[in-house]
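Observations on the three-dimensional arrangement
Chain by chain, the residues:
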Amino acid sequence: MERVPVLSLGDALLVSIQIDLQDNTVLALQEDLAERIVSTGARGVLIDISAVDIVDSFIGRMFASIAALSRLLDAETVVVGMRPAVAITLVELGLSLAGVRTALDVERGMKILRALSDRREVRQADEADADLVPVAEGGGPAAGA
Amino acid sequence: MTTSTGVEELPIRTGDDVVRVRQLVRARAQEVRLSLVDQTKLVTAASELARNTLVHGGSGTATVETLSRDGRSGIRAVFADEGPGIPDVDQALTPGWTSGSGLGLGLSGARKLVDEFAIDTAVGRGTTVTVVKWTR
């Protein structure tokens, strides 16, 4: 069985699928990604499927579970490069991949991951600030007594 | 009248065999110049059915041939196993109904992706699914 390599780039993991996917390869990729997210602390996973000529229900479900499991491990997933014929077939198959974020190419996918990561940092900074604000600072009912 | 040429049979015993069936169907679909979308639909259907043959039938075969009728060409793919068979075909063809851990889109999805679909199954005897996709 061939394995799909997982590359680490900054705080993201990159997966470019260049082989014909058989079911065991798909399951192994799922496990590899879960382990690598935890070991690298990656915040994003980008899966490039521009070389994938078919996505059937098993492979499609894999994208959905990778997106779900990375969210549980505090990372976001973007699937990029889906071929038009694959998209048409998936919809006809009844698989809309709701919950899987997509982008047209790697560049846009990385942009999405960066934006998500920035937003998260802002939110964490806000929460940290909120912790520091003293309760009833000046002018409060208790202050004038 | 429909004529058939180039019959080729592949075993389905492993996940790699499923990949080989996809590749054969893709090559034959390209030969008869199915459109890219139709090739993709047929290969996707073949992938679902070959997996069914492996997972539910235990193992089996895929037979692929080129058809010709009234100036149009087509690809026929037959997936046969001698597994347990399907007790309730109507139920098995319902989108979302699943016998196991899948999404229940295999059989119903494959049917939507092809022009002709036939299923022949009997409990204890096995299952044969035949699909055809024609050029436009």
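Residues numbered from 1 in each chain as written. Chains lettered and ligands numbered in written order. Predicted model: local features only at pLDDT ≥ 70, side-chain atom pairs only at ≥ 80, totals over all residues. Heavy atoms only, no water.

**Quick word on the side chain of B:Asp17**
All names here are of chain B. Convention followed: Secondary structure is summarised from DSSP: a helix means a run of H or I of at least four residues, a strand means a run of E of at least two, and numbering begins at the N terminus for each. What qualifies as a polar contact is a pair of N or O atoms within 3.5 Å, subject to a donor-acceptor requirement within protein and to the restriction that residues adjacent in sequence count only when both atoms come from side chains. It only takes one pair of heavy atoms within 4.5 Å for two residues to be counted as in contact.
Along the chain, Asp17 falls in helix H1 (residues 15-31). Engagement of the side chain of Asp17 in a polar contact is seen with the side chain of Arg20, the distance being 2.9 Å. Ignoring any residue separated from it by four or fewer positions in sequence, one finds Asp17 in contact with Pro11 and Ile12.

**Remarks on the sheet that holds strand S5 (residues 126-134) of chain B**
Residue and element names in this part refer to chain B. Selection rule: What makes two strands pair is DSSP finding at least two bridges between them. Interaxial angle, 0 to 180 degrees, is taken between N-to-C directions of lines fitted to C-alpha atoms, where a helix line uses only the stretch in contact.
Spatial ordering of the open sheet is given by S1-S2-S3-S5-S4, a layout of five strands whose pairing is antiparallel. Unpaired on one side and paired on the other, strand S1 (3-12) and strand S4 (116-122) mark the two borders of the sheet. Direction aside, the axes of adjacent strands within the sheet are offset by 15 degrees on average. Packing against the sheet, H1 makes contact with S1, strand S2 (60-69) and strand S3 (72-81), and its axis sits at approximately 165 degrees to S1.

**With respect to helix H4 (residues 106-132) of chain A**
Residue and element names in this part refer to chain A. Our working rule: How far a helix is expected to stretch is found by multiplying one less than its residue total by 1.5 Å. Burial classification: accessible surface area is computed with a 1.4 Å probe over protein chains only, and a residue below 20% of its type maximum counts as buried, one above 50% as exposed, and the rest as partly exposed.
With 27 residues, H4 extends 39 Å from end C-alpha to end C-alpha; this agrees with the ideal 39 Å at 1.5 Å per step. Those residues of H4 lying buried are Gly109, Met110, Leu113, Leu116, Ser117 and Arg120. Close packing links the buried residues of H4 with strand S1 (6-9), strand S2 (12-16), strand S3 (44-48), strand S4 (76-80) and strand S5 (101-103).

**Focus: the interface of chain B and chain A**
Operational definition: Buried surface area refers to the total accessible area, computed with a probe of radius 1.4 Å, that the two partners give up upon joining, counted for both partners together. Salt bridges are identified by distance alone: a Lys or Arg side-chain nitrogen within 4 Å of an Asp or Glu carboxyl oxygen.
The partner chain A presents 20 residues to the 24 residues of chain B that form the contact. With both sides pooled, the region where chain B packs onto chain A buries about 1900 Å², and carbon together with sulfur makes up 56% of that total. A salt bridge links B:Lys41 to A:Glu92; the nearest nitrogen and oxygen atoms lie 3.2 Å apart. For the pair chain B and chain A, the interface holds nine residue pairs in polar contact (both at pLDDT 80 or more). At the level of secondary structure, the elements contributing two or more residues to the side of chain B that touches chain A comprise H1, helix H2 (36-55) and helix H4 (106-113) of chain B. Top contributing element to the side of chain B that touches chain A by residue count: H2(B), with nine residues.

**Describing the nonpolar core**
Looking at soluble globular proteins, one finds that nonpolar side chains tend to be buried together. To be explicit about the condition: Note on terminology: a nonpolar core comprises buried Ala, Val, Leu, Ile, Met, Phe, Trp, Tyr and Cys residues joined through side-chain atoms within 4.5 Å.
With 59 residues, the main nonpolar core has A:Ile17, A:Leu29, A:Leu33, A:Ile47, A:Phe63 and B:Phe79 as its most contacted residues. Filtering out sequence-adjacent residues up to four positions away, A:Leu33 remains in contact with A:Val6, A:Leu13, A:Val15, A:Val45, A:Ile47 and A:Ile66. In this structure, A:Ala12, A:Leu46, A:Val80 and A:Ala103 belong to the second largest nonpolar core, which totals eight residues.

**A closer look at the confidence of the model for chain A**
Predicted coordinates in regions of low pLDDT should not be interpreted in detail. What counts here: Predictor confidence is given residue by residue as pLDDT, running from a minimum of 0 to a maximum of 100.
Averaged over every residue, the pLDDT of chain A is 89; residues scoring 70 or more account for 91%. Taken element by element, the predicted model of chain A shows its lowest mean pLDDT in H4(A) (86) and its highest in S3(A) (97).

**Some remarks on a negative patch on the surface**
To keep it simple, the criterion reads: The patches described consist of residues with a relative accessible area above 30% and no salt bridge, like charges being joined within 9 Å and nonpolar side chains (Val, Leu, Ile, Met, Phe, Trp, Tyr) within 5 Å. Accessible areas in this description were obtained via Shrake-Rupley with a 1.4 Å probe; residue shielding takes into account the shown protein chains only. A positive count includes Lys and Arg, and a negative count includes Asp and Glu. His and the chain ends are not counted in either. The atom standing in for a charge is NZ when the residue is Lys, CZ when it is Arg, CG when it is Asp and CD when it is Glu.
Together, A:Asp126, A:Glu127, A:Asp129 and A:Asp131 give the surface a local cluster of negative charge. By secondary structure assignment, the location of A:Asp129 is in helix H4.

**Remarks on helix H1 (residues 23-40) of chain A**
The end-to-end C-alpha distance of H1(A), which contains 18 residues, comes to 26 Å, matching closely the 26 Å that a straight helix rising 1.5 Å per residue would cover. The complete set of buried residues in H1(A) reads A:Asp23, A:Thr25, A:Val26, A:Ala28, A:Leu29, A:Gln30, A:Asp32, A:Leu33 and A:Ile37. If you follow the buried residues of H1(A), they end up packed against S1, S2, S3 and helix H2 (57-72) of chain A together with H2 of chain B. Within two residues after H1(A), A:Gly41 carries a phi angle of roughly 65 degrees, on the positive side.

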